[in-house]
Each structure stands twice: as C-alpha cells, then as structure tokens.
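# Breakdown of the fold
Spelled out from the first residue to the last, the chains are:
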Amino acid sequence: MVLQIMEPGQTGSHQNNNSIKAVGIDLGTTHSLVSIVDEQGPKILEIEGATIVPSIVALAEDQFQVGRDAKALQKKGHQHVAASVKRLMDPDIHQLKEALPKLDYLPSEAGEMARFTLGNRLSNPIEISAEILKHLKIKTQEILGEEINHAVITVPAYFSERARGATRLAAKLAGWKVLRLISEPTAAAIKFGLDQKKNGLFLIFDLGGGTFDLSILNLENNIFQVLATGGDTLLGGDDVDRLVMIDLQQRYQLETLSQTEEQGLLQVSEDLKKQLTQGEKAEKNVSFRGQNMSFSIRFEHFLTLLRPFLTKIETLLDQTFDAANLSKDTIQACVLVGGSTRLKPVQSLLEQYFGKKPLADLNPDHVVAEGAAIQARALTHGSDSLLLDVIPLSLGLETMGGIAEKIVPRNSPIPAQVTQEFTTYQDDQTAMSIHVVQGEREMASDCRTLGRFSLKGIPPLPAGFARIEVTFDVDADGLLTVSAQEKTTGVYQAIEVKPGHGLTTAEMEHMVYSGFKAAQDDMTIRVKEQEWVKLQFVLDICQKILKAQKDNLSYDTYHQLRELVTETKRLTKKDGSADLFRAYTAKLENYFRHSEEQSS
Amino acid sequence: MSDAEIINPFDLFDLPLTLPVDLEKLKNTYFELQRQNHPDQKQSLATGEINAGLINRYYTEMKKTSNAARYLLLHYGIEGDASTQDQETLMEVMELEERLAQKPSDKAGVLADINVRMNQTVSAFLDALSEKGNKEIEKDVLLKLWQRLRFLDQLIERCS
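Quantities reported herein were computed from a predicted structural model and do not represent experimental measurements.

### Quick look at the confidence of the model for chain B
The predicted coordinates of low-pLDDT regions are not to be read in fine detail. Residue and element names in this part refer to chain B. The pLDDT averaged across chain B works out to 84; a share of 84% of its residues lies at or above 70. Here helix α3 (residues 44–47) stands out as the element of chain B with the lowest mean pLDDT, 45, in contrast to helix α1 (residues 9–12), whose mean of 95 is the highest. Counting contacts from residues 1–5, a segment whose pLDDT is below 50, to residues more than four positions away or on other chains yields 14 contacts. The ipTM, which scores confidence in the relative placement of chains, is 0.82 for this predicted complex, and the corresponding pTM is 0.78.

As structure tokens, this is what we get:
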C-alpha cells in the first residue's frame, strides 16, 4: 500500500492544537509531581529516579540546586535553603507567625512578601517557586525529549486570589504557559470521577504536608461541579511532625536545639509518624549530639498529641458543610487525598464523622497531578467532561463606616461577573476611592486588601444621584479584575485594577528582566541542541535510504526526498531554531515512513 | 439595570414562566449552557455567545424564589419598588425574627413555618399575575408580594 505523500506545508497544518503536549503539575508544599496523559491514561514522570520532587531550593556555589540535591544540602545543615515557600505565597499569611513552622525567612512589612537570604541576595517566594517550576520544566523536557510549554498547575482550593496570582507569575517566570490553575481537590475529583464513573455528592478530603483542603463536589454525567470549598492553608502533616518534635524535646530533655539538631529531630519525628501508620509503637535509633539515642512513641500517646490537630479538622468540616448549606448525610463518600491522610487517627476521625469508612483506593500522592494532567489534556484536545469551580473566599468592597460589602460571595461559581451600583454620599463629590477586599469578616480592616484605586471625574451632582457601577470579573483561574464607571452622564470612565503580589515594582522588573531571562535562554539553547541532534539523526537515515533504496522508490519520491535532504543539509545549527529543526525532522520522517511502506 | 441584563434568565434557561422554578431543569440547562460557553471548552470559540460568568450569576440567582419572581415581573414589563411598605409583612417578619432570637433551638420549626408562608405567597403572586386586568392595581399588589418573598428568602437564609 502506498501512503499519501504530504506536501511539506501540509505537515505543518497537522500540528494543530491536538498535537500540543501539556502536563499537569502538582506544586506541593513539600513535594511536587509532574504527570502527562498518554494512550494508557495519566502517568507520573519519574524525575531523578523518583516520582516526587522535593519542593526545596538551595543556593550552593552561586548555583541554584532544586529538588533532590537541595534536600541533600538541607539535611547537611546547609545555610542557604528555602523550603515550604508555598505557605508564603500570600503576602498576608506570614503575619500569622505562630501558625507557621520556623521557616528561615526574614520578617517584612505588612502586605509585603517574605524574603529568604540565599547567597548574597534576598529572594522572595515567587522567585523560589519559579526555580522549582523551572527545574520541573527542564526535567520534563529531558524525559519527553521535546519542548513542553503548556501546563495545568494545581493550587490549594483555599488559596487566596493573591496566592493564585503569585503562582501564575512564578510559572510565567519559569517559562510555562499556564492553561489553567485548578484546585487540588478538584483535580483529585477529576481523576476519581473518571476512574469510578460515579454520580452524586462527594467530599474530597485533601490533607497534604502544609495545606488542608476540603471540597464538596457534585459529579454528574462527566460534569465536575464544585459546590463548596473550605480548609486551612496553614494546616498539614508538617504540623504533626512539629507536635511530635516538641514532645520528644520535652520527654528527652533536649532544650535549645541548634538549627542542624532541629532538622535532625524533625526528621526523627517524621519517621516516627510514618511508622505509626502501622503498629502500636514506633522507635528510631539515631546518633544525636554525639551519642546513640533511641527515640520512641506509643500510638496512644501520639493520639493525645494529635487531639488539637484533629479538633481543628473537625471544626473545618462542620464549617464547610454549613457554608454549603448541606448536611454531611448527603455525601456518598469521603475521598482521601494527600500523604497525610495515611495517618490512622485522621482516618478514624472521618469514619466516625460520616459513619462510614473513607475511600482510600486512590494513590493519595499521585491523584492530584494525574487529575491536572487529565485537565491539561482536556484543554488542549477537547473532552466530554467539564469542570465548574467556585471561588473559595468572598470578594467585596469597603463601604461607608469600614464595612466590607460582599460582591461575589464565597462558593460562587467561576467565571463570575457581578455588577453592583454605588452612589456618592456628599454633594458635588467628584471622586470615589475603591478598596477591594477578600475574606469573610464584616469589617474591611479584618479582610485582606487586594487593591485600592480611585475613580475620578464623577460629574458634580447632589449626594446619592451619581450612579457608579462597579464590576467584579473573576476568571476561570479565580483571578479578579475590578472596573468602575459612572453612568448618569453617559461619560464612560472605567479603571481596571489587577491585585498585586505584595512586591515592589522594582522587584517585579528585576524578576522579569534579569536573572530569569538568562535561565530561559539556557533552556532555549538546550532544547535547540536536542532538536538539532534529532534532525541530524533522521537526515542520516534518509541519506542511507536514498543510497540503498534508490530502485525501490518511485521516481517522484526519490527526487522529492533528495531535494529535501539537500535543503536540510543547508541548515546550520547557529542560524536555525528549535522549531525550524523540528519542522524539518517531521518533513523527513514523513518521506522516510512513506519509503518504508513502499519498499516493504 | 445594566445592559447585560437584557437576557431574561427564564428565556436563557428555557424555563416555563411560573414559580417555583424547576430546579432540576434549571440545573440541567445550566450544565448544557456551560458545556457550550465555558472558557475551558475548546469549541467555545465558535459557539460561546453568552458570557459564562453571566450564566453562573443567573444560575445562582434563579435558585432563590424572590429573584425568580423579580425576573418573572420583568418579563411582563413590571419594574420598580412597591409604592408603600406593607405594614402587615413587616410585622410578620419582626415576629418571626423574635421567635428565632428567643428560641434559637427551634430553627427547624421556624423554617417549616416560613416555608408554609412562602408557598402561600407564591400562590398569591401567581394568582395576581394571571389577573393582570387592571394593570395599575395589580402592579402594586405584585410588587408588594415580591417584597414579601424577599423578606422570607432572607429569613430562610438566616435559618440555615
């Protein structure tokens, strides 16, 4: 059989959206994962020999080390290490110092982002997150052997607008084109729903290393409708480690620990915790302060330590059901996601709470990344399923007397577009200041400030006559744009405000134009190199075919291929680009395949 | 009212012009509309004529009886607020509020009571709507009933 020979131009047209390869990234507090969907479904990429990459960045000898290497440096007590930065993606969060583990960051002004000292410069969480994402991009490309630019990235459902914006920026700096930010429990639900083909209401219980998320979803004929979310961005398995560590410190009388000792003891605590997922007692022998020590803990005691942690979880469950206006009895099943759901006390709590065993048949570490990969595939190739998400926290404006007026209440489906009319409260008032806030509290000062702007040029009118229409637009990523216009006089004046990330303009510029530019150039060179090597390989095969198969090829094919080979040989590595090399590889491969068919 | 509100959600969701809203039908049409208009859907470039954010807003609004009643009135060209406050309704709301405040444990009982009143009000509203003979008189009656539905909806929200 003779295959249709495609014109060189036609090959290009086949490179439509369907050929875009996109991955799903679970950007976790302690670990990150990358997944891609192939013919068999989603699979997790094995990076540096493991499916999970530590979300740790270190600076050593003026070079950023990420993942496994950074973790090794951290274990050795290396000074310049940044970990758990995900907890600091919202600039307001670091004010809650007691809730945070002792992270090595510098205190900063309210509303500004935290800073880490890495080498001789200060780095913010966005830059560090970008380093992790860049590392994941390079590794993904190495494994898949081609340039990969598109990704769906997951964030905690309870992540604020600012933290979402910060994540998007970090991804952009790392060279990713973000197809969509989706919530972690929703990603898990996509994988769960498609696997089990179930309909009904489900609670996704996602307890990770640093964050806790709850999502109530309605699964109906491949529609994933999020009804409500709740959680705590500062609660996770790390807190359990810390509770155990403090207990060990007391029981073994280990006052004042050095940073290295603390790291060591924290590691012991984590090991003990993991041992207690099976068995009644855990024990760990390590060398500590120059002597061999045996640390142990009984399950009963562990349970007592966890009491406040479990109470917090139960309260959040109640609150989420209340906010959703749903009873817990309507839930078909509670689905476990996140490594910390392996804790026995957490599973027992849920069994008690719902009166039935939670579903633990998914791999709690992989399911979020896999769900993200499925969504990435759906967004690039189309799909029967549809995801309808909500915003986790109310968005509003400060009105008279400092009251926060909610414009888009929490759990509203997104994208959301809401318009509300306001008026002036003084005669001849010509300007109005607009303060955009996020949160559930009654007073604006207790909510998070997302931005302030003023609408000028309001025509002078008696108090209460001006009609100022304020529109809140929340896109499918949960990112907000606010605009305002005065309507009485027909004078259209609109201002758009995009909430910031708690960084100064100078910092943003520095991030965008300096350090990262160089890193991206490096990556471009690397990909170009890979494509060049591939092209040379295919070119070599084609030349061999021309020689060996001359008599078996049709006249047309032979001459067309010879022409193409000559043309390809004229390309130089210096002047070409990765895209150009890839296009020629595709053209050559087409003839090559065709000639194989002909000669066989 | 903004220009975007030209579409009436009863038309958008293909709902019969009556109350209460068929929530199952509302949900199914909502899903169908989002399948065509949600920004995640690839084909939305071709068919996405209605803003997905607007569909979401109408969907949320239509789940509340008083909002649906307002859109029903708009369909018949009735707009505005009642010319006088209905004293009877105000007294009734105050009485219910008091009951809630005094006996928070009896929320379920109060809620059941409110629901009965809600159903009565909806019937009265539909009756008035079918007898729009004398437009001016009926308009005021309808607006008063709509206001009553609004109060009752607020109470239901506070109970749950």
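The rest of the description comes next.
### Concerning the packing of helix α8 (residues 299–324) of chain A against helix α9 (residues 344–354) of chain A
Residue and element names in this part refer to chain A. Running from N to C, α8 and α9 cross one another at 45 degrees; their axes reach a closest spacing of 9 Å. Overall, the two elements α8 and α9 adopt an arrangement that is oblique. When the axes of α8 and α9 are compared, the crossing they make is right-handed. Mapping the contact onto sequence places F299, F302, L303, L306, F309, L310, I313, E314, L317, D318 and F321 in α8 and K344, P345, V346, L349, L350, Y353 and F354 in α9.

### Here we look at the side chain of N124 of chain A
Residue and element names in this part refer to chain A. Along the chain, N124 falls in the loop between β10 (121–123) and α3 (125–144). Its relative accessible area of 1% is what places N124 among the buried residues. A polar contact is formed between the side chain of N124 and the backbone nitrogen of I126, at a distance of 3.0 Å.

### Let's talk about the interface of chain B and chain A
Counting residues at the interface gives 24 residues for chain B, matched by 33 residues for chain A. The contact between chain B and chain A buries some 2,100 Å² in all, and 47% of this surface belongs to carbon and sulfur atoms. Linking chain B to chain A there are two salt bridges. Of the charged contacts in the structure, one is a salt bridge between D40 of chain B and R180 of chain A, with a shortest N-O distance of 2.3 Å. Elements with a contribution of two residues or more to the side of chain B that touches chain A: α2 (23–37) and α4 (52–62) of chain B. Of the residues contributing to the side of chain B that touches chain A, the split by class is seven nonpolar, 10 polar and seven charged.

Reading guide: rules and limits
- Residues numbered from 1 in each chain as written.
- Chains lettered and ligands numbered in written order.
- Predicted model: local features only at pLDDT ≥ 70, side-chain atom pairs only at ≥ 80, totals over all residues.
- Heavy atoms only, no water.
- pLDDT = per-residue confidence, 0-100.
- Helix = DSSP H or I, 4+ residues; strand = E, 2+ residues; numbered from the N terminus.
- Contact = heavy atoms within 4.5 Å.
- Axes fitted to C-alpha atoms, helices over the stretch in contact; angles between N-to-C directions.
- Parallel < 35°, antiparallel > 145°, perpendicular 65-115°, else oblique.
- Left-handed = near helix turned anticlockwise from the far one by under 90°.
- Buried < 20%, exposed > 50% of the residue type's maximum accessible area, 1.4 Å probe, protein only.
- Polar contact = N/O pair within 3.5 Å; in protein donor to acceptor, adjacent residues only side chain to side chain.
- Buried area = accessible area lost by both parts, 1.4 Å probe.
- Salt bridge = Lys/Arg side-chain N within 4 Å of Asp/Glu carboxyl O.
- Nonpolar A, V, L, I, M, F, W, Y, C, P; charged D, E, K, R; others polar.

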